[in-house]
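Read off the chains here:
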Amino acid sequence: MSVPLFRQVTIPQSLSAARRVALRCRCFSVAVAHAQTRHGQDHGDAAPVAGPSSGKQDASTADDAKGKPSLKDAKADEGFFEPFSRVQSYLASINATGAEPTLEDLEQCRPRVQPPPHTPQYVEAYTELINTLCRSFTKEQLRKFLVQVLGTSRHCAKNRRKAEYAESIVEQLWKWPTLKELEKAKRDRTEIVSKAFPVTASELFLILGKDGMDLLRLSKEYDVHISMQRKPMALRVEGTRRSLRGLGERIYSLKQSFITETYNLPSPTPIPLGLVQRISRLASAYVENDPSSPGKVKIVARDQHGLTAAKRLASRAIHELEETSKIPLLTYLPPGASDLAMYPHNYALYPHFPPRSLPFTMNNSGTFRLRRVGEWLTSDFREDVHRTGGLAGGNGQVMTTSKQQVQLRDVLLHDLPEGIDQSRVAVQASMGHVLLTRQSGEQQATLTPPLMGEYPFSKVREWIAQNPVKMTFVPDFPLPLLNTPPERESVKQRLVYHALPSGTEGSGSTSTSSSPSTHWRKVLSLEVKIAESQAFETKQASRTEMPQRDLEEGLSLADLEDTQRPLSTASPMEAPSIPILDPSEVYCWAGIEADLNLMIPDRPMDLQFTVRSSTVLSESQQPAEFQQFVAELRAYLQGSENAEPPSPPLLLAYGGERYILHSNMSVRQSEEMVSDSGRPTLKELNHDKVELTRALCESTLDLETNQKSVHCEVFCAEMASETAWMRFLRDCDRLSALREQAREPIGSSLLEQDDD
């Protein structure tokens, strides 16, 4: 039977009855004596307990047992021990009835509202609650409560103090936070400490992220200050204890998620140090050469995607460096520019800042272009092709680095492999700049050229031949074409594969002359023209109305999604169904080609010539990898379920050769008509005697590196034809010598009327 301890009616009546019995009999009953015996066991507890526990109470009880105290003494004892005797008498009455407190009685002491932790009110309420439990129950009763709920537990051990039992009830049964936990949490929130987290070079690179953005994000997320410690390599972190604990767990989880793999490159050549860093940044993976094995690299990445990207970029970089080093370099000097002239021209290396990012294989710490130095008494220090005749006139000099004067067409067709008919050889010329870069180990950016001062070209040529400088061609647009809007633009995706060198390389004829030798390579190419939906054409039409050409825009995956989105949302009444990928628009060819760079320091642009002999491949003749790529691209553009952007293979085999991916680009292509002033006027378009140049302009986006570039090219399909060759040279002269014209109102050239 349950007897509530604090019932408002029963408690006063029981206390009054017990008091009258004590005064009438002048001594405690047997039940009181029994209660004294029970509570005397808890006399040693430090916390206050119910019942007579003081020394004076024990003395009065002993006097009553003798039966000698007077009525006056009893009345004095009653007034002095009134509070204790009331509680003791009530407990005695409970014990006399044989009733024990239950969990319901314990719940009566539980506050209805718990104050918020981390506040002074919580500490006061917690302390008051512990005192209430200690005053209301005995040590054994508190222990029994814990046993009933928790069973056999360390909180129910018999060797604990009474206050500890009360704390266990509050914390374990009622789930109140402990004061120790609150104090520790407060210390964790407010106390500033410093700790070093050891990391390796690869771990540090991945934790930093691109340009340190990931580490900055961690610093803001955990509200800590992070610095670098070199010896030993570690991250020095300052912040609160709680922040450091969370950051430490985050760093540990990141380290466990990193993937490490050793990869063999296609060529047994170590990657230059500067290029290793650029590959690591592009792929978001740590790449380092294995010093014990050239051509082997160690890659540490966050995920499989970064690991694959690092492998592809490292393989491409090594192959492109080898091919670039084999491209011969020629120089064209106009009449009167050589050292034999009366007033020879002087040349110097000028810093060059391209408007777009350089190829990732180039050292971007400093790029320079060889240009003619201007003179005070000359109005223009650039070549006037109308006066000199240019390349087509044949009055200038085309020289090699060994001072040998050569003919351009002879060099292009030199060392042509056996079995190749010259009548089927075509050539294209790309506009751009031949740039000189510093050694790959020099990472500090500088404007100081490696060759200071101005010199005649013979001195510059000698310096280039004696110093291990790297000359790289970077494509670009002529200045007048930068302001012309594209016309009839098409969108393509292009894959280009180059054959890896083999032991039998160099099957072409062997030359014994000192002429520069062109390096012929086998090539596989796949072009897929992407048909544009009606909405996409509207987007392109609005783009052509812009006064400036958006040279930076390439075809990204978002653009490919735009081509299919209108088809899935438009109704049949709004737009006709347009095939996303027409099989007839897939163009694949295989052949051989070679490159040659022509440096023209007297003009704004240099040239790169590419000689090619190719054969178109039908669908059945194409490599299986190409057919699979086209099928995956078609499924992706048509919006098939679970379709992802296709990724071409890094390596493939075809015709007994192993090919490596050279470029994976999306292309925006248009044809431009160019005159001597840039964009032709209506008069020039309608005049039959005005010869115009048809140039192919492309804006490309490398889907492997996300780098954008622009190309302006002219073609000669029949090198053996003298007429076609001279027309080709005149086109090269026109595009490479185009100058910046005075800005005119948009459309004024087209609206110009013919006064005749």
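Just so we're clear, the structure is a prediction, and the values are computed from it rather than from any experiment. (Residues numbered from 1 in each chain as written. Predicted model: local features only at pLDDT ≥ 70, side-chain atom pairs only at ≥ 80, totals over all residues. Heavy atoms only, no water.)

**Quick word on helix α12 (residues 213-222)**
Reasoning step 1: The set of residues buried in α12 consists of Asp214, Leu215, Leu218, Ser219 and Tyr222. End-on view of α12: buried residues confined to an arc of 145°, all on one side of the axis.
Reasoning step 2: On its buried face, α12 is in contact with α11 (201-208), β2 (225-229), β3 (234-240) and α13 (241-257).
Reasoning step 3: Immediately beyond the C-terminal end of α12, within one or two residues, lies Asp223, with a positive phi of roughly 55°. (Buried < 20%, exposed > 50% of the residue type's maximum accessible area, 1.4 Å probe, protein only. Helix = DSSP H or I, 4+ residues; strand = E, 2+ residues; numbered from the N terminus. Arc of directions from axis to C-beta. Contact = heavy atoms within 4.5 Å.)

**Examining the sheet that holds β3**
Consider a sheet: its strands pair through backbone hydrogen bonds, and that pairing is either parallel or antiparallel.
Reasoning step 1: Strand order in the open sheet formed by three strands is β1-β3-β2, with antiparallel pairing between adjacent strands. Here the strands that pair on one side only, and so sit at the sheet edges, are β1 (192-198) and β2. On average, each strand axis in the sheet is tilted by 25° relative to the strand beside it, whichever way the strands run.
Reasoning step 2: Bridge count between β1 and β3: seven bridges; the pairing is antiparallel. By the bridge assignment, Pro198 is partnered in β3 with Ala234.
Reasoning step 3: On the sheet, α13 packs against β1, β2 and β3 and is oriented at approximately 145° with respect to β3. (Pairing = 2+ DSSP bridges. Axes fitted to C-alpha atoms, helices over the stretch in contact; angles between N-to-C directions.)

**What about the sheet that holds strand β4 (residues 259-264)?**
Reasoning step 1: Reading across from one edge, β4-β6-β5 is the order of the three strands in this open sheet, with antiparallel pairing throughout. Unpaired on one side and paired on the other, β4 and β5 (285-289) mark the two borders of the sheet. When strand polarity is set aside, the average angle formed by the axes of neighbouring strands in this sheet is 20°.
Reasoning step 2: Where β5 and strand β6 (residues 296-301) come together, five bridges link them in antiparallel fashion. When the bridges of β6 are listed, Asn289 appears paired with Val297.
Reasoning step 3: The sheet contacts of helix α15 (residues 304-325) involve β4, β5 and β6, and relative to β4 the element is tilted by about 20°.

**Remarks on the side chain of Glu704**
Reasoning step 1: When you line up the elements, Glu704 lands in the loop between β20 (693-702) and β21 (708-716).
Reasoning step 2: Among the residues examined, Glu704 registers a relative accessible area of 18% and is labelled buried.
Reasoning step 3: Within the structure, the side chain of Glu704 is placed 2.9 Å from the side chain of Arg312, a separation counted as a polar contact.
Reasoning step 4: Of the polar contacts made by the side chain of Glu704, one reaches the side chain of Asn664; its length is 3.3 Å.
Reasoning step 5: Residues in contact with Glu704, not counting those within four places in the same chain, are Arg312, Leu313, Arg316, Pro648, Leu661 and Asn664. (Polar contact = N/O pair within 3.5 Å; in protein donor to acceptor, adjacent residues only side chain to side chain.)

**Thoughts on the environment of Ala643**
Reasoning step 1: Of note, Ala643 is situated in the loop between α22 (624-637) and β18 (651-654).
Reasoning step 2: Separated by eleven residues in sequence, Ala643 and Glu632 have C-alpha atoms that sit 7.6 Å apart.

**A short note on the packing of aromatic side chains**
Reasoning step 1: Tallied over the full model, the rule gives eight aromatic pairs.
Reasoning step 2: Measuring from ring centre to ring centre gives 6.2 Å for Tyr122 and Tyr126, while their planes differ by 35°; the resulting arrangement is tilted. In this pair, Tyr122 and Tyr126 both sit in helix α7 (residues 120-136), four residues apart, roughly one turn of the helix. Here Tyr122 and Tyr126 have matching classes, each one buried.
Reasoning step 3: Here Tyr347 and Phe457 contribute two aromatic rings whose centre-to-centre distance is 5.9 Å and whose plane-to-plane angle is 80°, an arrangement assigned as edge-to-face. (Phe/Tyr/Trp six-rings, centres within 6.5 Å; stacked < 30°, edge-to-face > 60°.)

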